[in-house]
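# Report on the structure
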Amino acid sequence: MATIKTDDVFSIASFDPSKLAESFREFAEKGAQQSKEAYAKLKTAGEEAGKTLEATVQTAQAGTVEIGLKAIDVLRVNAETSLSHMEALLGVKSVAEFVELQTSFLRKQAELAVDQAKSMQETTKQVAEKLAKPSKEAAEKAMASFKVA
C-alpha cells in the first residue's frame, strides 16, 4: 500500500491562511499604490494638456488678428494705388498716354501683388510656427517622460 507523507508540499497541513492573507494584503497595497501613481500622472498630463490647449487658442487668436491686419493693409494699399491710378487716367490726353499709363500701372500692380503674397506667406508661416510651438513642446515633453519611465 501507499504511504502518505506528512511533509508533502501540497498537503493541507502545510497551508497557512495567515501567509495567504499577508500576500493578498501586499498585493492589494501595491495595486493601490500603482493606481495612485497612475492617477497622479494622468492628472498632471490632463492639466498640461489644458494649458497647452489654452496657449494654442490664445496664439491662434493673436495670429488671426495679425493676418487680418495684414490683409487690411494689403486692401488699403491696393485701394489707394487704384484710386491714384484713376486720378492719373482722368488727366490722359491721348490713347498712347493711356496705354503707357495702364501698362505701367499693371506692371506695378503685378509686382506689388507678388510682394504682398510673399509678405502674407511669411506672416502666415510665422503664425503657424507660433501656433505649433506649444503642441510641439508638449509632445516632446510627453515623449521624454515615456523614455524615462
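Residue indices begin from 1 for each chain and proceed along its sequence in written order. This being a predicted model, a pLDDT of at least 70 is required before a residue's local features are given, and a value of 80 or more before pairs of side-chain atoms are given or counted; all residues contribute to the totals for chains, interfaces and linings. Water and hydrogen atoms play no part in the side-chain values, which are based on all heavy atoms of the structure.

Going by what an unreviewed UniProt entry lists, the protein is known as Phasin and is assigned to Rhizobium bangladeshense.

### Observations concerning the overall build of the protein
Helix numbers and strand numbers start at the N terminus; a helix is a DSSP run of H or I with at least 4 residues, a strand a run of E with at least 2. Looking only at helices and strands, the protein features two helices and zero strands. Only protein chains enter the area calculation, which uses a 1.4 Å probe; residues under 20% of their type maximum are buried, those over 50% are exposed, and those in between are partly exposed. Looking at the protein residue by residue over its 149 residues, the buried ones come to 8%. Put simply, 74% of the contacts in the protein that link residues at least 6 apart link residues at least 24 apart. In the form shown here, the protein has an accessible surface area of approximately 12500 Å², with 64% of it arising from carbon and sulfur atoms. Whether two residues are in contact is decided by their heavy atoms, any of which lying within 4.5 Å being enough. Every accessible area reported is derived by Shrake-Rupley at a probe size of 1.4 Å, with residue values counting cover from the shown protein chains alone.

### As for the pattern of salt bridges
Should their charged atoms come close, side chains of opposite charge can pair. Basic side-chain nitrogens of Lys or Arg form a salt bridge, by our definition, when they fall within 4 Å of a carboxyl oxygen of Asp or Glu. Considering all chains together, one arrives at one salt bridge under this definition. Between Glu66 and Lys130 there is a salt bridge; the shortest N-O distance is 3.7 Å. Taken together, the residues span a long stretch of sequence, with Glu66 in helix H1 (residues 17-90) and Lys130 in helix H2 (residues 95-148) at a distance of 64 residues. For Glu66, a relative accessible area of 28% translates into the label partly exposed.

### Notes on the environment of Thr64
Here Thr64 shows up in helix H1. As for Thr64 and Thr124, which are separated by 60 residues in sequence, their C-alpha atoms are 9.1 Å apart. A polar atom in the side chain of Thr64 sits 2.8 Å from the backbone oxygen of Ala60. Any pair of N or O atoms that falls within 3.5 Å is considered a polar contact. Within protein, one atom must be able to donate a hydrogen and the other to accept it, and sequence-neighbouring residues count only if both atoms are side-chain atoms.

### Comments concerning the environment of Thr123
Looking at the element boundaries, Thr123 is found in helix H2. C-alpha separation for the pair Thr123 and Lys70, spaced 53 residues apart in sequence, amounts to 8.1 Å. Once residues within four sequence positions are removed from consideration, Thr123 is found in contact with Glu66, Ile67 and Lys70.

### Quick notes on a nonpolar patch on the surface
The patch calculation keeps residues exceeding 30% relative accessible area without a salt bridge and links them within 9 Å when they carry like charges or within 5 Å when they are nonpolar (Val, Leu, Ile, Met, Phe, Trp, Tyr). Together, Val65, Leu69 and Ile72 make up an exposed nonpolar region whose accessible area comes to about 280 Å². The residue Leu69 is located in helix H1 in this model. Taking relative accessible area as the criterion, Leu69 reaches 55% and is therefore assigned exposed.

### A look at the side chain of Gln116
Summarising the element assignment, Gln116 is placed in helix H2. In contact with Gln116, not counting residues within four places along its chain, are Val74, Val77 and Asn78.

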